[in-house]
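# Results of the structural survey
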2 protein chains.
Amino acid sequence: MPAVSDCINMLDSETKAVETPEDHAEELRLWLRLLTCTTLIEGEVRGRLRQRFDVTFPRFDLMAQLDKAPDGMTLSDVSKRMMVSNGNVTGLVERLVESGHLDRRTSETDRRVQVIRLTKLGRAEFRKMAAEHETWIADLFADLTPKDVRELMRLLAKTKASAQKSAGRRRA
Amino acid sequence: MPAVSDCINMLDSETKAVETPEDHAEELRLWLRLLTCTTLIEGEVRGRLRQRFDVTFPRFDLMAQLDKAPDGMTLSDVSKRMMVSNGNVTGLVERLVESGHLDRRTSETDRRVQVIRLTKLGRAEFRKMAAEHETWIADLFADLTPKDVRELMRLLAKTKASAQKSAGRRRA
DNA sequence: CGGAAACATTTTAGGCTTAAAGCAATTTCG
DNA sequence: CGAAATTGCTTTAAGCCTAAAATGTTTCCG
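Values in this document were obtained by computation on a predicted structure and should not be read as measured data.

Conventions we followed
Per-chain numbering applies: the sequence of each chain, read as written, is numbered from 1 onward. Chains carry letters from A onward and ligands carry numbers from 1 onward, assigned in written order. With the structure being a predicted model, the display of local features is reserved for residues of pLDDT at least 70 and the display and counting of side-chain atom pairs for 80 or more, all residues being used for whole-chain, interface and lining totals. Heavy atoms from the whole structure form the basis of all side-chain values; hydrogens and water molecules are not counted. Being near a molecule or strand, for a residue, means having at least one of its heavy atoms within 4 Å of it. Throughout this description, a polar contact denotes any pair of N or O atoms lying within 3.5 Å of each other; where both atoms belong to protein, one of them has to be capable of donating a hydrogen while the other can accept it, and for residues adjacent in sequence the pair is counted only when both atoms sit in side chains. Only runs of H or I of at least four residues qualify as helices and only runs of E of at least two qualify as strands under DSSP, and these elements are numbered from the N terminus. Gly falls in the polar group here, along with every residue not listed as nonpolar (Ala, Val, Leu, Ile, Met, Phe, Trp, Tyr, Cys, Pro) or charged (Asp, Glu, Lys, Arg). In a helix, the anticipated span is given by 1.5 Å times the number of residues less one. For the least-squares superposition of copies, only C-alpha atoms count, and only for residues with pLDDT at least 70 in both. Residues count as neighbours in contact if any of their non-hydrogen atoms are within 4.5 Å of one another. Put simply, buried area is how much 1.4 Å-probe accessible surface two parts lose in total, over both of them, once they are put together. Should a side-chain nitrogen of Lys or Arg be within 4 Å of a carboxyl oxygen of Asp or Glu, the pair is scored as a salt bridge. Confidence of the predictor at the level of single residues is captured by pLDDT, which takes values from 0 to 100. As used in this record, nonpolar core signifies buried Ala, Val, Leu, Ile, Met, Phe, Trp, Tyr and Cys residues forming a set joined through side-chain atoms within 4.5 Å. Residue burial is assigned from relative accessible area. The probe radius is 1.4 Å, only protein chains are included, and a residue is buried under 20% of its type maximum, exposed over 50%, and partly exposed in between. For each domain, the first and last residues come from an automatic or database assignment. For two strands to count as paired, DSSP must find a minimum of two bridges between them. With axes taken as lines fitted to C-alpha atoms, and helix axes fitted only over the stretch in contact, angles between N-to-C directions fall between 0 and 180 degrees.

This part is about the protein's contact with DNA strand D. The environment of DNA strand D is formed by 24 residues, the closest being A:Ser85, A:Arg95, B:Ser76, B:Thr90 and B:Arg112. A:Arg95 is positioned such that a nitrogen or oxygen atom in its side chain is 2.2 Å from a phosphate oxygen of DNA strand D. Within the side chain of B:Ser76, an N or O atom sits 2.5 Å from a phosphate oxygen of DNA strand D. Among the elements that make up the surface near DNA strand D, the one with the highest residue count is helix α5 (residues 86-98) of chain A (four residues). Each residue belonging to the surface near DNA strand D can be placed in one class, and the counts come to six nonpolar, 10 polar and eight charged.

With that settled, the discussion passes to helix α2 (residues 25-53) of chain A. Under the 1.5 Å per step criterion, the end-to-end length of α2(A) is 41 Å for 29 residues, consistent within 8% with the ideal 42 Å. Trailing α2(A) by a residue or two, A:Asp54 shows a phi angle of about 50°, which is positive.

Attention now goes to the relation of the copies chain A and chain B. The transformation that overlays chain A on chain B combines an axial shift of 0.0 Å with a rotation of 180°, and the residual RMSD is 0.0 Å. These values place the two chain copies in the arrangement generated by a two-fold rotation axis. Mapped onto chain B, 100% of the interface residues of chain A again fall at the interface, so both copies present the same surface.

Around DNA strand C, the surrounding shell holds 26 residues, and the nearest of these are A:Ser76, A:Asn86, A:Thr90, B:Ser85 and B:Arg95. When atoms of DNA strand C within 4 Å of the protein are sorted by moiety, sugar and phosphate together comprise 81%. Take A:Ser76: an N or O atom from its side chain is 2.4 Å from a phosphate oxygen of DNA strand C. Between DNA strand C and the protein, one listed contact pairs a phosphate oxygen with a backbone N or O atom of A:Gln114 at 2.9 Å. Among the elements of the structure, α2, α4 (75-82) and α5 of chain A together with α3 (57-67) and α5 (86-98) of chain B are those that each provide at least two residues to the surface near DNA strand C. In terms of residue count, the dominant contributor to the surface near DNA strand C is α5(B) (four residues). Of the residues belonging to the surface near DNA strand C, the class tally is six nonpolar, 11 polar and nine charged.

Turning our eyes to something else, we now look at the interface of chain A and chain B. Chain A puts 58 residues into the contact, and the matching count from chain B is 58 residues. Carbon and sulfur atoms supply 70% of the area that chain A and chain B bury against each other, a total of about 6,100 Å² over both sides. For chain A, the biggest contributors to the area lost against chain B are A:Leu30, A:Trp31 and A:Met153; these three give 12% of the whole. At the junction of chain A and chain B, the tally comes to eight salt bridges.

Moving on, we get to the confidence of the model for chain A. Low-pLDDT portions of the prediction should not be read for the details of their coordinates. Averaged over every residue, the pLDDT of chain A is 91; residues scoring 70 or more account for 88%. Predicted confidence for residues 4-16 of chain A stays below pLDDT 50, and this span has four contacts to residues more than four positions away or in other chains.

Attention now goes to the nonpolar core. Ranked by internal contacts, the top residues of the largest apolar core, which has 82 residues, are A:Leu34, A:Leu62, A:Phe141, B:Leu34, B:Leu62 and B:Phe141. Formed jointly, this core draws a minimum of three residues from each of two domains, domain 1 (24-141) and domain 2 (145-172) of chain B. In this view, A:Leu34 contacts A:Leu156, B:Leu34, B:Cys37, B:Thr38, B:Ile41, B:Phe141 and B:Leu156; residues no more than four positions away in its chain are not counted.

Okay, the pattern of salt bridges next. Under the defined criterion, the tally for this structure stands at 24 salt bridges over all chains. One salt bridge in this structure joins A:Glu151 and A:Arg154, with 2.8 Å as the shortest N-O distance. Placement of the pair is A:Glu151 and A:Arg154 together in helix α7 (residues 146-171), with a separation of three residues, close to one helical turn. Using a relative accessible area of 23% as the deciding quantity, one classes A:Glu151 as partly exposed. On the accessibility criterion, A:Arg154 (43% relative accessible area) is partly exposed. Where A:Lys165 meets B:Asp143, a salt bridge forms, and the shortest distance between an N and an O atom there is 3.1 Å. A residue pair is termed interchain when its members come from two chains, as with A:Lys165 in helix α7 and B:Asp143 in the loop between α6 (120-140) and α7 (146-171). For A:Lys165, a relative accessible area of 45% translates into the label partly exposed.

Either a parallel or an antiparallel arrangement is found when strands of a sheet pair, and the pairing is made through backbone hydrogen bonds. All names here are of chain A. The three strands are arranged β1-β3-β2 in an open sheet whose pairing can be described as antiparallel. The outermost strands of the open sheet, each flanked by one partner alone, are β1 (73-74) and β2 (102-106). When β1 meets strand β3 (residues 114-118), the two strands line up antiparallel, connected through two bridges. Its bridge partner lying in β3, Thr74 is registered against Val115. This element, α5, spans β2 and β3 of the sheet and lies at about 115° to β2.

Below, the discussion takes up the side chain of A:Ser107. Residues and elements named next belong to chain A. Along the polypeptide, Ser107 turns up in the loop between β2 and β3. Judged by its relative accessible area of 15%, Ser107 is buried. Looking at Ser107, its side chain comes within polar contact range of the main-chain nitrogen of Thr109, at 3.2 Å. From its side chain, Ser107 meets the backbone nitrogen of Asp110 in a polar contact 3.2 Å long. Setting aside residues up to four positions removed in sequence, Ser107 forms contacts with Val113 and Val115.

Next up, the structure:
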């Protein structure tokens, strides 16, 4: 049963002229819960990656992008996919080239562009990590039913679209 | 309609003796989508906090914790709540004390403990930021119906519980 | 053609973050 | 009591990350 104050707000919200400070406490709580879930899982994955393979989460993430692109990617592509800044990728790639996991070469047709690929070593190591990683994720989400997973996928797709639209509105 | 290979897997999964490498691609995709949503929203909020208030996301987060605790918190409490390392909090607090937003004092009863509070300035500035922040979040989640929000809350609560259980299993 | 705009990347300065080691204070328990 | 374990915090070393400025390259047009 809605409290009196809620009824008043509901009435106000239908009266366009009245500027009611609307209550968005629910969305705020949702955002905090989303952040908590991600932080929790990411921390767990990071810890396991470090313990088992002595690799960081960003390095694993970068290698995962490259594993899906056998012909390599440009740094810009990687930066967009990973949703991190360009400068960030520069350093990340530098260290992975240094350790022999990545191969970097300047594009033949455009000397601005750097194309990076996994080396044989990089691909082999990534595949090993990815296989184990998948079992960790399965375990972390173990209590969700297949239906829960589908429903979450759907709602997060909607969330992503909504957030992208809002971000677009701001940049416009 | 399930493909033939799926039927085989389903049969296998009910045959305890057979060690089928199970497929967890759905959970993997769910995790990536969760991460994408959080990264997207956090990036948007960080950008707005910087532009409007010249404040970082971690500082805002720390002040939010303290706003809920008028009597102050210990650094350990803050560290647990924010889900970051102890050392991280030390530096964060240092900078916010420096800028006059936080007050730090050693506990009377236990000289190991540091208690931090928002100063008058800190509280005033936080309240201003928080009000605007709430409208950003509302806008980012604008396309979700109240029912979507409730359902996401429920499913993320389940996700959080599942992940915590899994993390606990590992530490044991 | 040639200058302006756009593009891809790197550099810079500053801040965030972690894991691990270290230090001091407190608690536990033989 | 007093040694050992625990607790709360800081320090350290290394890496991650961003926004903004800088550099070199290519494209767009007038």
